[in-house]
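Descriptive structure summary
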Amino acid sequence: MSQPFTVFVVDDDPLVLEIISTILEPDCRVETFASAEDCLAQLASVKPDFFLLDISLPGIDGYTLCRRIKDDQIGRAHV
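If you're wondering where the values come from, they're calculated on a predicted model, not measured in any experiment. (Residues numbered from 1 in each chain as written. Predicted model: local features only at pLDDT ≥ 70, side-chain atom pairs only at ≥ 80, totals over all residues. Heavy atoms only, no water.)

All right, on to the packing of aromatic side chains then. Given two aromatic rings, one states the distance between the centres and the angle between the planes to describe the pair. Scanning the model with the defined rule gives two aromatic pairs in all. On the basis of an interplanar angle of 90 degrees and a centroid distance of 5.9 Å, the ring pair of F8 and F51 is categorised as edge-to-face. With F8 in strand β1 (residues 6-10) and F51 in strand β3 (residues 50-53), this residue pair connects regions lying 43 residues apart in the sequence. Look at F8 and you get buried, because its relative accessible area is 0%. Given a relative accessible area of 23%, F51 falls into the partly exposed group. (Phe/Tyr/Trp six-rings, centres within 6.5 Å; stacked < 30°, edge-to-face > 60°. Helix = DSSP H or I, 4+ residues; strand = E, 2+ residues; numbered from the N terminus. Buried < 20%, exposed > 50% of the residue type's maximum accessible area, 1.4 Å probe, protein only.)

Have a look at this one:
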């Protein structure tokens, strides 16, 4: 059996997280995060296939999170 497609969803609105999870969970493994910092912490142990990011987050915004994820992936490719 193949691994499920994993999606990380980052949004500070609990209702949005619930709606997206409800839509995706029949077909995907979904992990939700209320902050970019929580998402970054989980990336140490789980590598998702896809990200859905809110751009206006408290603390680290979605644009910065996206750049950090991209930079991390590029850095790993050159190791």
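To continue, consider the environment of E37. By the element assignment, E37 lies in helix α2 (residues 36-42). For E37, a relative accessible area of 35% translates into the label partly exposed. Separated by 21 residues in sequence, E37 and P58 place their C-alpha atoms 9.8 Å apart. Leaving out residues up to four positions away in the same chain, E37 has contacts with P58, G59 and I60. (Contact = heavy atoms within 4.5 Å.)

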